[in-house]
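# Coordinate analysis (summary)
The primary structure of each chain is shown beneath.
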Amino acid sequence: MTGLKLLGLAAGCTVLVLLQTPAALAGAAAVVLVLYAVARVRPAAAWGQIRPVRWFALALFVTQLLLADLPAATVTTTRVVLMVALAGLVTLTTPASVMLAALERGLAPLRLVRVDPFRVSLMLTLTLRSVPLLTDLARRVREAQRARGVSWSVRAFAVPLVVSALRHADALGEALSARGLDD
C-alpha cells in the first residue's frame, strides 16, 4: 500500500505540473480535499501540513505577480501548495519505518550502480520527516520568545532555531553512528 501511495504522490505531482489554469488547479484542490477526507485527517492536522509553507507561498505569489501576471502567480503558488499538501497526506498516513521499507524496495535497482538503497531511502525519509520537526522547533522558539516578552526580530528567532536544529542533527548523527550508519 505504501508503494502505491508514493507512486500516487509522484503521479499527482506530475499531473499538478501539467495543469495550466486556475480552474484546473481548483479541481485538483477539490481532489486533494477529498483525499484528506477519505483518509479521515482532521482539518487542524491538514492545516498543519500547509501552515509551514504559508510565508513561502506568499513570497512566491508576490514574486510571480511581479514577474508574470495574476493567473501565472495563482497557478504556480497553488501548484506548490497542493504538492506540499499531497506530500503531507502521505507522511500523515504512513509510518516512517513503513515508508523507509517501501522506498528501499523501490530503490533496489540502484544496487546495480553500487548505491545502497537503504541509505538513499533513509536519507529521503529523514528529509521528509525533518520539515515537521523544524516547524515544531520554530514554534517552540516563538513560544519561548513570547513567554519572555521578546519582541520579534530575525536574529532573536534565527539563532535559537539554528542552535536547536544543529543540536537535533548532532543527536541524530550520534544515533545513526551508534547503529553503524556513520560512513
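Residues numbered from 1 in each chain as written. Predicted model: local features only at pLDDT ≥ 70, side-chain atom pairs only at ≥ 80, totals over all residues. Heavy atoms only, no water.

One can describe the packing of helix α2 (residues 22-38) onto helix α5 (residues 70-93) by two numbers: an axis separation of 10 Å at closest approach and a directional angle of 15°. The orientation of α2 relative to α5 falls into the category roughly parallel. Like other packed secondary-structure pairs, α2 and α5 cross with a definite hand, here left-handed. Along the contact surface, α2 presents Pro22, Leu25, Ala28, Ala29, Val32, Leu35 and Tyr36, while α5 presents Pro71, Thr74, Val75, Thr78, Arg79, Leu82, Ala85, Leu86, Gly88, Leu89 and Leu92. Here the contact of α2 with α5 is composed, by residue class, of 14 nonpolar, three polar and one charged. (Axes fitted to C-alpha atoms, helices over the stretch in contact; angles between N-to-C directions. Helix = DSSP H or I, 4+ residues; strand = E, 2+ residues; numbered from the N terminus. Parallel < 35°, antiparallel > 145°, perpendicular 65-115°, else oblique. Left-handed = near helix turned anticlockwise from the far one by under 90°. Contact = heavy atoms within 4.5 Å. Nonpolar A, V, L, I, M, F, W, Y, C, P; charged D, E, K, R; others polar.)

Moving on to the side chain of Thr2. Relative to the helices and strands, Thr2 is located in helix α1 (residues 2-18). On the accessibility criterion, Thr2 (11% relative accessible area) is buried. Contacts of Thr2, omitting those with residues within four sequence positions, involve Thr94, Val98, Met99 and Ala102. (Buried < 20%, exposed > 50% of the residue type's maximum accessible area, 1.4 Å probe, protein only.)

Moving on, we get to helix α7 (residues 117-148). In this model, α7 (32 residues) spans 46 Å end to end at C-alpha, consistent with the 46 Å of a helix rising 1.5 Å per residue. Along α7, the largest kink reaches about 30° and is centred on Ser130; proline Pro132 follows within four residues of it. Among the residues of α7, Pro117, Ser121, Leu122, Thr125, Thr135, Leu137, Ala138, Val141 and Gln145 are the ones counted as buried. Buried residues belonging to α7 abut α6 (96-106) and α8 (154-178). (Expected span 1.5 Å × (residues − 1). Bend = angle between axes of the 7 residues up to and from the residue.)

Moving on to the confidence of the model for the chain. On average, the chain scores 87 in pLDDT, and the residues at 70 or more come to 99%. Ranking the helices and strands of the chain by mean pLDDT puts α2 first, with 95, and α7 last, with 81. (pLDDT = per-residue confidence, 0-100.)

The phi angle at Arg40 is positive, at roughly 60°, despite the residue not being glycine. Inspection of the secondary structure assignment puts Arg40 in the loop between α2 and α3 (43-50). Here Arg114, not a glycine, exhibits a phi torsion of approximately 60°, which is positive. Among the structural elements, Arg114 can be located in the loop between α6 and α7. By relative accessible area, which is 81% here, Arg114 ends up exposed.

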